[in-house]
Amino acid sequence: MSALDEVRPLVESKVAQLGFELFELRFFGAGPRSIMRITIDKDGGIAIADCELVSNEVSALLDEQNFFGEKAYTLEVSSPGIDRPLKTERDFKRVIGKDAAVHLSIAVNGKKSVRGKVLDCKDNNLEIEINEVSVSIPLTNIISGKEEIRFR
């Protein structure tokens, strides 16, 4: 089990206690330092004060657990942003009624990239309307997805 696998449940629990969802947790090297990047989310979006709160609380938790020992690290906390990736059933449910671009591992109707209106997502299947036709795509076939942001 990696150190990240050990600390993930602790970070996820702390983030949840603070009223946020852990959207993503990454740990990687950057020169002589390491970076732990935490992405949080909540209904209504994330403010800078939310990131500051999570950063302070998780930093104290990591220090208490001595996760990094004496190794220098940087803790970054941010929101998924407007162009957040769509990965899970919950992510796709958030954009029901909106357009999304989805990249697939197995082609649907001869295409590995499709765009359409998200109709629903349940039982690990995305229901998306492509050219006025409803198509069901298993989430396991989705490599990546993003909401299509349209400016008027």
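Please refer to the structure placed before this passage.
All values derive from a computational prediction rather than experimental measurement.

Trainee: So what exactly am I meant to see when it comes to the pattern of salt bridges here?
Mentor: A pair can form between side chains of opposite charge whenever their charged atoms are brought close. Summed over the entire model, instances satisfying the criterion amount to 14 salt bridges. The salt bridge involving Glu 24 is made with Lys 87; its shortest N-O contact spans 3.3 Å. With Glu 24 in strand β1 (residues 21-30) and Lys 87 in the loop between β3 (73-78) and α3 (89-94), this pair connects stretches of sequence that are 63 residues apart. Its salt-bridge partner being Arg 84, residue Asp 41 comes within 2.3 Å of it at the nearest N-O pair. Of the two residues, Asp 41 is situated in strand β2 (residues 33-41) and Arg 84 in the loop between β3 and α3; the sequence distance between them amounts to 43 residues. Of the two residues, Asp 41 and Arg 84, neither departs from the other in class, the shared state being buried.

Trainee: Looking at this structure, how should I read the environment of Ser 105?
Mentor: For Ser 105, the location among the structural elements is in strand β4 (residues 99-108). What makes Ser 105 partly exposed here is its relative accessible area of 35%.

Trainee: Please clarify how the sheet that holds β3 should be interpreted in this entry.
Mentor: Neighbouring strands of a sheet are bound in pairs by backbone hydrogen bonds; such pairs are parallel or else antiparallel. A sheet is described by the order of its strands in space; here three strands give the open sequence β1-β2-β3, paired in mixed fashion. Looking at which strands have only one partner, the edges of the open sheet turn out to be β1 and β3. The mean inter-strand angle of the sheet, taken between neighbouring strand axes irrespective of direction, is 15°. With nine bridges joining them, β1 and β2 adopt antiparallel strand pairing. Within β2, the residue paired with Glu 21 across the bridge is Asp 41.

What counts and what doesn't
Residues numbered from 1 in each chain as written. Predicted model: local features only at pLDDT ≥ 70, side-chain atom pairs only at ≥ 80, totals over all residues. Heavy atoms only, no water. Salt bridge = Lys/Arg side-chain N within 4 Å of Asp/Glu carboxyl O. Helix = DSSP H or I, 4+ residues; strand = E, 2+ residues; numbered from the N terminus. Buried < 20%, exposed > 50% of the residue type's maximum accessible area, 1.4 Å probe, protein only. Pairing = 2+ DSSP bridges. Axes fitted to C-alpha atoms, helices over the stretch in contact; angles between N-to-C directions.

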